[in-house]
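This is what each chain is made of:
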Amino acid sequence: MTKRSKGVRRIVLLFSMLFVIGWISWFAIASDGFSQVKPVAWVVFAVGLFIAYFIPQLICKAAYWVIDGFKKDKEK
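Residues numbered from 1 in each chain as written. Predicted model: local features only at pLDDT ≥ 70, side-chain atom pairs only at ≥ 80, totals over all residues. Heavy atoms only, no water.

Trainee: Looking at this structure, how should I read the overall build of the protein?
Mentor: The number of helices and strands found in the protein is two helices and zero strands. A compact globule built from 76 residues should have a C-alpha radius of gyration of about 11 Å, whereas the protein, at 17 Å, is more than 25% larger. Along the longest, intermediate and shortest principal axes, the C-alpha atoms of the protein span 60 × 25 × 15 Å. Counting all 76 residues of the protein, 18% fall into the buried class. Sequence-distant contacts, at least 24 apart, represent 69% of the contacts inside the protein between residues at least 6 apart. Surface accessibility of the protein: about 6,100 Å² in total, with carbon and sulfur atoms responsible for 73%. Across the protein, 11 positive and 4 negative side-chain charges occur, with their mean positions spaced 8 Å apart. (Helix = DSSP H or I, 4+ residues; strand = E, 2+ residues; numbered from the N terminus. Rg over C-alpha atoms; globule rule 2.2 N^0.38 Å. Buried < 20%, exposed > 50% of the residue type's maximum accessible area, 1.4 Å probe, protein only. Contact = heavy atoms within 4.5 Å. Areas by Shrake-Rupley, 256 points an atom, 1.4 Å probe, with all protein chains shown as cover. Lys, Arg positive; Asp, Glu negative; His and termini not counted. Charge placed at Lys NZ, Arg CZ, Asp CG, Glu CD.)

Trainee: Before we go on, may I ask you to explain unusual backbone geometry in this structure?
Mentor: Backbone geometry follows two general trends: most residues other than glycine have a negative phi, and most peptide bonds adopt the trans configuration. Its identity is not glycine, yet Asp32 carries a phi of approximately 55 degrees, on the positive side. Within the secondary structure, Asp32 sits in the loop between helix 1 (6-30) and helix 2 (39-75). If you check the backbone angles, Phe34 has positive phi at about 65 degrees while not being a glycine. For Phe34, the location among the structural elements is in the loop between helix 1 and helix 2. On the basis of relative accessible area, Phe34 is assigned to the partly exposed category, the value being 29%.

The following block contains the structure:
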């Protein structure tokens, strides 16, 4: 797989941070400012943060994987 450029890495990091901020905001609004959060909800919150951070990175990897596949097909 080709190496991502510095600009693409920065964009992916920016989207990762925006997803995390969005997840925290949504969770805060849904739980009335974290006041009605049960212990199990904290686990869901933590897992959601992890997923929200890595989704843009996985999408980027998948896109580069597809692009590399097309490049290899053209070489044949």
